Amino acid sequence: MASSADTFKPGPKLNRFLSRPRPMLIGGKWVLAQSGKTFEVLNPATEEPLAAVAEGDREDIELAVRAARRAFESGPWPRITPSERGKLLWKLADLLEQNLEEFATLETLDNGKPLTVARVADVPLAVDLFRYMAGWATKIEGNTIPISVPYAPGAEFFSYTLREPVGVVGQIIPWNFPLLMAAWKIGPALATGCTVVLKPAEQTPLSALRLGELILEASYPPGVVNIVPGFGETAGAALAAHPDVDKVAFTGSTEVGKQIVKAAGASNLKKVTLELGGKSPNIVYGDADLKTAIPGAASAIFFNHGQCCCAGSRLYAEKNVFDKVVEGVAAEAKKIRLGPGMNPKTEMGPLVSQEQLTRVCSYIESGLAEGAKTVVGGKRAGNRGYFVEPTIFVNTRPTMKVIREEIFGPVVAAIPFSDPEEIVSSANNTVYGLAAAVWTRDVSKAHRLARQLRAGTVWINCFNIFDAALPFGGYKQSGWGREMGHAALELYTEVKAVTVRL
Ligand code: NAI
Ligand code: MG
């Protein structure tokens, strides 16, 4: 756990960033909140303050939306060529890559994840996303459409579609992958020519604010990207309800997702895309290669401390291998080194906040109270920092909270199955539908299951494979729409049908 020897001392570059209250980015300028308020962000490994950040609220959102509207309608942005939009995104990717180490460190300090992970996953994935979207900027095309018009015999028409940016986009993101979630949101918005007001999560606003500096360095016109840190109930709610925002893109809890839909409906029927919770089934068949399935199942839940919307939190293992799988995953769990993310030996850091620590521990307690048993883990680790032991439950029932609800921590329930039909209905027996995985050597079985599982992503003999080119999003209450891939561009554009009489 965190010891004083692990306390990190930022170098001069980071110190510049952390030592003064971080202002927000509105209309190309760094400004303090209208209220003058700031809030503290903590290092979750030590519970110590890390930085103070301007606390955006309704008035700041108002200014940011106005700046985004101005940038969308006038100024250089609407006239910029697609090629130029692509170049700017590529430049942003290059700048991010040049500052990889600083971003990885910020992410680790703010979120708690191991630096070794932020370096190879969070930051490179964000770089790659911007590059992928840079390529799309020049490829956003309409169609020419032959039409018949039965009530206008003899008349000739020429029809085509235009794909136009949806407009001013409000983007509200969570704390589990702070920089990457900002990239998933900002990338397609900028590729399509939208303008943005981004509200980072109150727990982890730092990497988005640093990204704002790079956005200015890349020479984006003022107001194209505005970044307003603040709390969900104030700044977030104001953005979702704003009548001059054309679309809101949200990632977070299903509960807040529903509030976003209400706010959009009650204000201006802005378009809404949502990436919400999950309770992903991870199915290991007796014929799987257990040498990969076991570490795969462990990483499916323990990666990012289980703080993944797609975490493999329901581990179904066929009866004939159930004990072996549970023992194997338990052995993996025991090997995981918990500690502050800045320690190079750390494999699992703290949860992001006291709120999440309390939430995850109360789920563990509810599992125990309902009669489930832990094979390994089951409590907070240490007493400083928000660490939780990797935990495996057995003896669960489908009605238990730990089976039905998203825990968002390093807690997995292992469940035996025998009937191949029953496993499909058990796996699909959830309000969520974000991801699922199947481990088997039987190719037909794997593909059959891939069709039967009601989830936006199905992994076969792997887990947590993400790519900027692959669409990601949910069935059922896991959300609306897809992020990444070309699917994302459709949700940042409107289609206009133009018809000319010849
Ligand atoms: P949350 O849904 O409250 O927060 C996510 C984002 O929404 C943050 O930026 C927050 O400021 C904002 N927000 C909160 N209330 C809002 C409102 N009324 N209007 C507009 N924006 C609002 O999630 P929280 O409280 O951080 O975590 C609670 C649970 O949500 C987690 O335990 C997990 O189950 C789930 N979650 C899912 C995520 C995902 O990737 N799908 C990410 C984070 C949390
Ligand atoms: Mg919340």
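This structure is a prediction, so every number in the text was calculated from the model and none was measured.

Colleague: Which residues make up the overall build of the protein, and what are the values?
Modeller: Summing up its helical and strand segments, the protein has 16 helices and 20 strands in all. In terms of overall size, the protein behaves like a compact globule, its C-alpha atoms giving a radius of gyration of 24 Å where 502 residues would be expected to give roughly 23 Å. By its C-alpha atoms, the protein is 70 × 65 × 40 Å across when sized along the principal axes. Out of the 502 residues in the protein, the part that is buried amounts to 57%. In the protein, of all internal contacts separated by at least 6 residues, the share reaching a separation of at least 24 is 75%.

Colleague: Let's hear about the packing of helix 6 (residues 178-192) against helix 7 (residues 206-217): which residues, and what values?
Modeller: Put simply, helix 6 and helix 7 touch, their axes get as near as 9 Å, and they point 50° apart. The orientation of helix 6 with respect to helix 7, classified from their angle, is oblique. Side by side, helix 6 and helix 7 meet where P178, L179, A182 and I186 of the first sit next to S207, L211 and I215 of the second. Partitioning the contact of helix 6 with helix 7 into residue classes produces 6 nonpolar, 1 polar and no charged.

Colleague: Lay out the pairing of strand 4 (residues 48-54) with the relevant residues and their values.
Modeller: Of the strand pairs in this sheet, strand 3 (residues 38-43) and strand 4 are connected by 6 bridges, and their pairing is antiparallel. Paired with N43 across the strands is E48, a residue of strand 4. Between the antiparallel neighbours strand 3 and strand 4 lie 4 residues, among them E47 with a positive phi of about 65°.

Colleague: Report on the sheet that holds strand 12 (residues 281-284), specifying residues and quantitative values.
Modeller: Strand order across the open sheet formed by 7 strands is 14-15-16-13-12-17-18, with mixed pairing between neighbours. Edge positions in the sheet fall to strand 14 (373-376) and strand 18 (457-460), since each of these pairs with one other strand and no more. Strand-to-strand twist in this sheet, taken as the mean axis angle between neighbours without regard to direction, amounts to 25°. Taken strand by strand, helix 11 (residues 319-335) contacts strand 12, strand 13 (314-318), strand 14, strand 15 (391-394) and strand 16 (411-417), and its axis lies near 135° from that of strand 13.

Colleague: I'd like to hear about the packing of aromatic side chains, residue by residue, with values.
Modeller: Overall, the coordinates contain 12 aromatic pairs when judged by the stated rule. Residues W77 and Y220 carry aromatic rings whose centres are separated by 5.8 Å and whose planes lie at 55° to one another, so their mutual orientation is tilted. In this pair, W77 sits in the loop between helix 2 (58-73) and helix 3 (82-98) while Y220 sits in the loop between helix 7 and strand 9 (225-227), placing the two residues 143 residues apart along the sequence. Looking at Y220, the relative accessible area reads 5%, which means it is buried. For the pair W459 and F466, a centre-to-centre distance of 5.7 Å together with 70° between the ring planes defines the contact as edge-to-face. Note that R131 overlies the ring of W90, its terminal NZ or CZ placed 5.1 Å from the centroid. One residue, K247, lies across the ring of Y492, its end atom 4.2 Å from the ring centre.

Cut-offs applied
- Residues numbered from 1 in each chain as written.
- Chains lettered and ligands numbered in written order.
- Predicted model: local features only at pLDDT ≥ 70, side-chain atom pairs only at ≥ 80, totals over all residues.
- Heavy atoms only, no water.
- Helix = DSSP H or I, 4+ residues; strand = E, 2+ residues; numbered from the N terminus.
- Rg over C-alpha atoms; globule rule 2.2 N^0.38 Å.
- Buried < 20%, exposed > 50% of the residue type's maximum accessible area, 1.4 Å probe, protein only.
- Contact = heavy atoms within 4.5 Å.
- Axes fitted to C-alpha atoms, helices over the stretch in contact; angles between N-to-C directions.
- Parallel < 35°, antiparallel > 145°, perpendicular 65-115°, else oblique.
- Nonpolar A, V, L, I, M, F, W, Y, C, P; charged D, E, K, R; others polar.
- Pairing = 2+ DSSP bridges.
- Phe/Tyr/Trp six-rings, centres within 6.5 Å; stacked < 30°, edge-to-face > 60°.
- Lys NZ or Arg CZ within 6 Å of the ring centre and 35° of its normal.

The analysis is restricted to geometry; functional conclusions fall outside its scope.
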